[in-house]
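Inside the fold
The chain contents come next:
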Amino acid sequence: MKYFKSSLLASMCMSTFVMAQSTPNTQHVRFANATQALQQGFEIQGESFMPGVAFFDFNNDTLVDIYMANGHGQPNALYKNLGNGKFANVATQAGVDNTGYTTGIAVGDLNNDGYDDLYVAAQTTMGDGVNAEDGPDVIYINQKDGTFKPLSASSGLQEAGFTTSVGMLDYDKDGDLDIIVGRMIDMDIFDPQANRTNPTVRSHLYRNNGNLTFTNVTNEVGVGKDFTTWAIAVFDYDNDNDVDIFLGHEQGPISLLENQNGKFVDKTDIAGDISKYGAWMGLAVGDYNNDGLMDIYGTNISDLYINRDPSRPDVMIPPAETWDNPWPTLFKNNGDGTFTDVGEQAKVKAPYEFSWGTFFADVNNDGWQDIYMAQNMAPVGIIGDAANGAGPGRLFINKKDGTFEDATYSAGVVNYGQNDQWLDGRGAAKADINKDGLVDFYLVNTPQADPTDLSKNLAGTGKPYLFKNTSNHKNKWLQLRLVGGEGSNTNAIGARVEIYKDREFEHFMQAQTIEGASSIYSVNERVLHFGLEKAKRVSVKVTWPNGKQQIFRDLKSGKRFTLAQGCAMPINENQLQNTTKLALTAAQLCK
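Scoring rules and cut-offs
- Residues numbered from 1 in each chain as written.
- Predicted model: local features only at pLDDT ≥ 70, side-chain atom pairs only at ≥ 80, totals over all residues.
- Heavy atoms only, no water.
- Helix = DSSP H or I, 4+ residues; strand = E, 2+ residues; numbered from the N terminus.
- Buried < 20%, exposed > 50% of the residue type's maximum accessible area, 1.4 Å probe, protein only.
- Areas by Shrake-Rupley, 256 points an atom, 1.4 Å probe, with all protein chains shown as cover.
- Phe/Tyr/Trp six-rings, centres within 6.5 Å; stacked < 30°, edge-to-face > 60°.
- Lys NZ or Arg CZ within 6 Å of the ring centre and 35° of its normal.
- Pairing = 2+ DSSP bridges.
- Disulfide = S-S within 2.5 Å.
- Salt bridge = Lys/Arg side-chain N within 4 Å of Asp/Glu carboxyl O.
- Patch = residues over 30% accessible without salt bridge, like charges linked within 9 Å, V, L, I, M, F, W, Y side chains within 5 Å.
- Lys, Arg positive; Asp, Glu negative; His and termini not counted.
- Charge placed at Lys NZ, Arg CZ, Asp CG, Glu CD.
- Axes fitted to C-alpha atoms, helices over the stretch in contact; angles between N-to-C directions.
- Core = buried A, V, L, I, M, F, W, Y, C linked by side-chain atoms within 4.5 Å.
- Domains from an automatic or database assignment.
- Contact = heavy atoms within 4.5 Å.

An unreviewed UniProt entry lists the protein under the name CRTAC1 family protein, with Pseudoalteromonas caenipelagi as the source organism.

Remarks on the overall build of the protein
Of regular secondary structure, the protein possesses seven helices and 38 strands. For the protein, buried positions account for 64% of its 591 residues. As presented, the protein carries roughly 20,700 Å² of accessible surface, and 48% of it is formed by carbon and sulfur atoms.

Digging into the packing of aromatic side chains
Scanning all chains against the criterion turns up 22 aromatic pairs. Ring centres of Phe354 and Trp356 lie 4.8 Å apart, and the angle between their planes is 5 degrees; on these two criteria the pair is classed as stacked. Among the aromatic residues, those joined into a cluster by ring pairs are Phe31, Phe359, Tyr372, Phe441, Tyr465 and Phe467. Lying across the ring of Trp356, Arg426 places its NZ or CZ 4.3 Å from the centre.

Structural notes on the pairing of strand S26 (residues 425–431)
Within S26, seven of the seven residues are buried, which leaves it mostly tucked inside the rest of the structure. Bridge count between S26 and strand S27 (residues 440–445): five bridges; the pairing is antiparallel. For Ala429, the partnering residue across the bridge sits in S27 and is Tyr442.

Observations regarding the state of the cysteines
Taken as a whole, this structure holds one disulfide when the rule is applied. Between Cys567 and Cys590 runs a disulfide, and the two sulfur atoms are separated by 1.8 Å. Its S-S torsion of about -110 degrees marks the bond between Cys567 and Cys590 as left-handed, since a negative value means left-handed. One end of the pair, Cys567, is in the loop between strand S37 (559–564) and strand S38 (571–572); the other, Cys590, is in the segment after helix H7 (586–589), with 23 residues separating them in the sequence. The exposure class assigned to Cys590 is partly exposed, which follows from its relative accessible area of 39%.

Some remarks on the pattern of salt bridges
A complete count under the given rule lists 15 salt bridges for this structure. Close ionic contact of Asp341 with Lys349 constitutes a salt bridge, the shortest N to O distance being 2.8 Å. Grouping residues by exposure puts Asp341 and Lys349 together as buried. Salt-bridge contacts for Lys548 lead to Glu486; the nearest nitrogen and oxygen are separated by 3.4 Å. Here Lys548, found in the loop between strand S35 (537–543) and strand S36 (549–556), pairs with Glu486, found in the loop between strand S31 (476–483) and strand S32 (496–500); they are 62 residues apart in sequence, far enough to count as distant. Owing to a relative accessible area of 48%, Glu486 belongs among the partly exposed residues under this scheme.

Observations regarding a positive patch on the surface
There is a patch of like positive charges on the surface, built from Lys474, Lys476, Lys534 and Lys536. Along the polypeptide, Lys476 turns up in strand S31. Judged by relative accessible area, Lys476 falls into the partly exposed class, the value being 31%.

Some thoughts on the sheet that holds strand S2 (residues 53–56)
One open sheet holds the four strands; their spatial order is S2-S3-S4-S5, and the pairing between them is antiparallel. Two strands in the sheet have a free side with no partner beyond their single neighbour: S2 and strand S5 (87–89). Sheet twist, expressed as the mean angle between neighbouring strand axes with direction ignored, is 20 degrees. Here three bridges tie strand S3 (residues 65–68) to strand S4 (residues 77–81), and the two strands are oriented antiparallel to one another. Bridge pairing in S4 places Ile66 opposite Tyr79.

Examining the nonpolar core
Counting 37 residues, the largest nonpolar core has Tyr119, Ile179, Leu480, Leu482, Ile499 and Val540 as its most contacted members. Residue assignment places this core across two domains, with domain 1 (32–309 + 327–469) and domain 2 (477–590) each supplying three or more. The contacts of Ile499, once residues within four sequence positions are left out, are Leu478, Leu480, His507, Phe508, Met509, Gln510, Phe530, Leu532, Val538, Ser539 and Val540.

Let's talk about the sheet that holds strand S25 (residues 404–406)
What holds strands together in a sheet is hydrogen bonding between their backbones, with the strands either parallel or antiparallel. Strand order across the open sheet formed by four strands is S22-S23-S24-S25, with antiparallel pairing between neighbours. A strand with exactly one partner marks an edge of an open sheet, and here the two such strands are strand S22 (355–361) and S25. Strand-to-strand, the axes of this sheet are offset by a mean angle of 20 degrees, without reference to chain direction. For strand S24 (residues 394–398) and S25, the ladder comprises three bridges, and the chain directions are antiparallel. Paired with Phe396 across the two strands is Asp406, which belongs to S25.

Here is the structure:
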């Protein structure tokens, strides 16, 4: 393997978090509620437990669109970016208005035609007392004309149980994307008192046969033990130019499946602190300390304080002895195959609320990755105040010294509803929705049941937040869209990008990777965003999924470029958006 060289907060009073005063580190970080950009509005209706969201450009017009999960029996939404600050729901016209019990969403070009396809996962019905299979999951193939068609059952990919998160990766480096499917048991057979002895189910890995058929190779390639899985992260943790798999488990560790020439070796037990049991709900991937190694932020069940009216249905929360570590935390990649829990030192680990979707993003363009996580759990209207397990979500700003500062309130990203109640955040994903060089994000809120009638939802509680970054700093930035070719998958999933200050590639600044899955149930925009602080020009080194490298010198800040494998020159965004929805393949782009 090749590696890149280079006191617990036991209690936090609410007043600590409600202070909205900015500090020098957070004073320029601001977000505005841009949810009104979704024309006709959007609110999750019906029963919903684990809804996700995906940012992707489904029609190749260079503008990022949004696919959203809805409640059981209600149509999902595909909001097309109109380029004028508005989004219009075109799900019905596009043929992706799925009405299943949607959970995870995955995006990738499964047939390497230059257009992203869509995987929409489904869960089972909970509370009906039956170990049900309400699927199946559906793969939608992009028809390159603004529409999608579901892949037939003969494709070989059949998932009809309880799917959670889904990821895409080229584990065997044959140039096409394979699929990893996270799975959960039906909650109707889940025993919260069973500690670590509940029924489990293994996640599935499907190999892409290259003709839109898939083969289940889970056992053949050694994917994992039987743990129930909430979250998936797919990235190259040891910088050896293959993609590894991390699975966040309920009543289990974060499993590390190391890719060794297309076979996976379970390294969890010797991977350090990620082996500690928790209820790992979300996994974010990023290099928080700029040492060239990808670190992990894991969200968790936390100390879920719930005061329950005995007349209400039970909430299935396992006892505290289920976990070694119940709190969300930051795991530092040590570069030797192990991870260390540095959450206390970094000030991002405390008895926060139940946490879910999460991501790294440089929201103030200072060259250092910040952290966001969604929070709460209210399946039957239990959220009210902090004592009952509620919270605002968290935005942590990187202080560049290994620690973070909570900017949730001062930045304006508190997840609060129209009726003065906490909302129940689940899926979360990031994107630059208007290409202004600032990272925005979407937060999914699952509806809360009306305490007086559990068959109904409280109005407004299923509305999302689209947070638009309005920060007023003057820091520089660079955005890169990668397109693989010459044997790499077109999405370039697994590619590594390094930024340097100089033309000689001697002064390393930061690194990112094109990941195939992270957060929970959700998909970040695949365009890489680099904050550069004061740097006006930088040089870029790309290691493509097939191992080939390219360098691009003196890229100007304040721009978005497309880097296509084999193309000698970067493609300016203005060139690309003036084409007629060109297929994003290297062969097309290099012309």
